[in-house]
Number of protein chains: 2
Amino acid sequence: MMTNEISYASEFYSFLTGRVSTAIGRRLQRNFKESGLHITAEQWSVLYYLWESEGLSQQDIAKLTFRDKPSVSRLISNLEKQKLLVRVCSSGDKRANQIYLTAQGHKIKDKCMQQAEKTISEALSGVDRGSMQQAQQILEIVFNNLK
Amino acid sequence: MMTNEISYASEFYSFLTGRVSTAIGRRLQRNFKESGLHITAEQWSVLYYLWESEGLSQQDIAKLTFRDKPSVSRLISNLEKQKLLVRVCSSGDKRANQIYLTAQGHKIKDKCMQQAEKTISEALSGVDRGSMQQAQQILEIVFNNLK
DNA sequence: GGTAATAAGTTGTTGATGCAATTAAATCAT
DNA sequence: ATGATTTAATTGCATCAACAACTTATTACC
């Protein structure tokens, strides 16, 4: 029935608009700002992986963050402008850049992680871990359907 | 424990990055394009409400779509350029615009809704309605925590 | 070894967002 | 009724995303 599908669509609407994830991103960025960090949520998602392992290529970062190459290229450029990381031409493959954090890039890690955790606890207040994981599983299926 | 919080953070990561919602938006836009519709997912979310009730103000649309006023202003401008709607200065309140669809704006409704439903069924393949609604409830709580 | 296909990055264009500041109209308060 | 405060919308600025086109280096193929 048409009516059913439409109402189904309405229920699905918040997935579609992504209002939850934008709300989270906005809060994260606000928390960064309030703690004196001048980085965006997107920049954080790149730094997050570099704190784990330096020397990643832009391609690696693209795969990890599910972004396309131009997006990563520009994110890296902005982070380089802010002197949080540097591009180093790979000796093995002259096409590729290896990305290394600067001292400043390392320095802000703890502060950033604190704010990320603060954001998460703000977001998940009143949500028990079990239901959150269940929701996550659904999102995972949806993501795999579309990627 | 720090380790726990970090792993909790990792689990929450896909919420934070919004990769699911961007994947959905990307697929929606692709489906629009393949069916010959030249509108973005964001434009769709505005049209969606106008098909329901015309004459909304930009403020109304901002509240319905959870966007700020500048975003709505520019979305409306782009839709006006595409001749899908028009701004009409409200007679009651000269500050406000009332938004009305053009003939073309009405015409594309069915095609758009078809593609939206197609996108939803692609996204939700293998997800039963109950778990989807449960996930939705969690997202709703998270959203209310942050808005 | 030389040509074709592939892969890593960059750049241009367009559309969208967030935040801050601005204009103009409406409402409130005294 | 006038001055102050809200409210609707717009504009400027910076960042980000998607898509396409392009450069340069690498790999594959014959």
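Use the structure listed above.
Here goes a summary of the coordinates provided. (Residues numbered from 1 in each chain as written. Chains lettered and ligands numbered in written order. Predicted model: local features only at pLDDT ≥ 70, side-chain atom pairs only at ≥ 80, totals over all residues. Heavy atoms only, no water.)

**Brief notes about the protein's contact with DNA strand C**
The following threshold applies: For this purpose, a residue is taken to be near a molecule or strand whenever a single non-hydrogen atom of the residue falls within 4 Å of it. Two N or O atoms form a polar contact when they lie within 3.5 Å of each other; inside protein one atom must be a possible hydrogen donor and the other a possible acceptor, and for residues adjacent in sequence the pair counts only when both atoms belong to side chains. Where helices and strands are cited, they refer to DSSP runs of H or I of at least four residues and of E of at least two residues respectively, numbered from the N terminus.
Surrounding DNA strand C, one finds 27 residues, the nearest of these being Arg26 and Arg74 of chain A together with Thr40, Arg67 and Asn78 of chain B. Protein-proximal atoms of DNA strand C, defined as those within 4 Å of the protein, fall in sugar or phosphate at a share of 65%. Within the contact set of DNA strand C, a phosphate oxygen lies 2.7 Å away from a side-chain nitrogen or oxygen of glutamine 58 of chain A. Arginine 74 of chain B has a polar side-chain atom sitting 3.4 Å from a base oxygen of DNA strand C. For the surface near DNA strand C, the elements supplying multiple residues, two or more each, are α2 (19–34), α4 (58–65) and α5 (69–81) of chain A together with α4 (41–52) and α6 (69–81) of chain B. Tallying contributions element by element places α6 of chain B first for the surface near DNA strand C, with five residues.

**Thoughts on the side chain of serine 35 of chain A**
Residue and element names in this part refer to chain A. For the record, the criterion: A 1.4 Å probe rolled over the protein chains alone gives each residue an accessible area, and that area as a share of the maximum for its type sets the label: buried under 20%, exposed over 50%, partly exposed in between. Contacts are assigned to residue pairs with any non-hydrogen atoms lying within 4.5 Å of each other.
Along the chain, the position of serine 35 falls in the loop between α2 and α3 (41–52). Accessibility expressed as a relative area gives 18% for serine 35, which makes it buried. Not counting chain neighbours up to four residues away, the residues in contact with serine 35 comprise Lys111 and Gln115.

**Comments concerning the sheet that holds strand β2 (residues 85–89) of chain B**
Picture the strands of a sheet paired through backbone hydrogen bonds; they go either parallel or antiparallel. Residue and element names in this part refer to chain B. The following threshold applies: Strand pairing follows a simple DSSP-based rule, namely that at least 2 bridges must link the two strands.
Read across the sheet, three strands follow the order β1-β3-β2 without closing on themselves; strand pairing throughout is antiparallel. Of all strands in the sheet, those with a lone pairing partner are β1 (56–57) and β2, marking the two edges. Here two bridges tie β1 to strand β3 (residues 97–101), and the two strands are oriented antiparallel to one another. What sits directly across from leucine 56, in β3, is isoleucine 99.

**Focus: the packing of helix α8 (residues 129–146) of chain A against helix α3 (residues 19–34) of chain B**
Quick note on the threshold: Think of each axis as a best-fit line through the C-alpha atoms, taken over the contacting stretch in the case of a helix, with angles from 0 to 180 degrees between the N-to-C directions. The sense of a crossing depends on the near helix, which, turned anticlockwise from the far helix by less than a right angle, makes the crossing left-handed and, turned clockwise, makes it right-handed. Amino acids outside the nonpolar list (Ala, Val, Leu, Ile, Met, Phe, Trp, Tyr, Cys, Pro) and the charged list (Asp, Glu, Lys, Arg) are all regarded as polar, and Gly is one of them.
In the contact formed by α8 of chain A and α3 of chain B, the axes pass within 9 Å of each other and the chain directions differ by 35°. Seen from above, α8 of chain A lies across α3 of chain B with left-handed handedness. Of the residues in α3 of chain B, those touching α8 of chain A at Leu139, Glu140, Val142, Phe143, Asn145 and Leu146 of chain A are Arg19, Val20, Ala23, Ile24 and Arg27 of chain B. For the contact of α8 of chain A with α3 of chain B, the class distribution of residues is seven nonpolar, one polar and three charged.

**Points about the pairing of strand β3 (residues 97–101) of chain A**
Regular strands show a simple pattern: their side chains alternate between the two faces of the sheet. Here strand β2 (residues 85–89) of chain A runs beside β3 of chain A; their pairing, made up of five bridges, is antiparallel. Looking at β3 of chain A, one finds that arginine 87 of chain A is bridged to isoleucine 99 of chain A.

**Brief notes about the protein's contact with DNA strand D**
Close to DNA strand D lie 26 residues, the nearest being Arg67 and Asn78 of chain A together with Arg26, Gln58 and Arg95 of chain B. At the protein interface, 64% of the atoms of DNA strand D within 4 Å belong to sugar or phosphate. One of the backbone nitrogen or oxygen atoms of lysine 94 of chain A is found 3.0 Å away from a phosphate oxygen of DNA strand D. Here a phosphate oxygen of DNA strand D sits 2.6 Å away from a polar atom, N or O, in the main chain of glutamine 59 of chain B. Every element with two or more residues in the surface near DNA strand D is listed here: α3 and α5 of chain A together with α3, α5 (58–65) and α6 of chain B. Of the residues forming the surface near DNA strand D, the biggest block, five residues, is contributed by α5 of chain A. Its residues assigned to classes, the surface near DNA strand D shows four nonpolar, nine polar and 13 charged.

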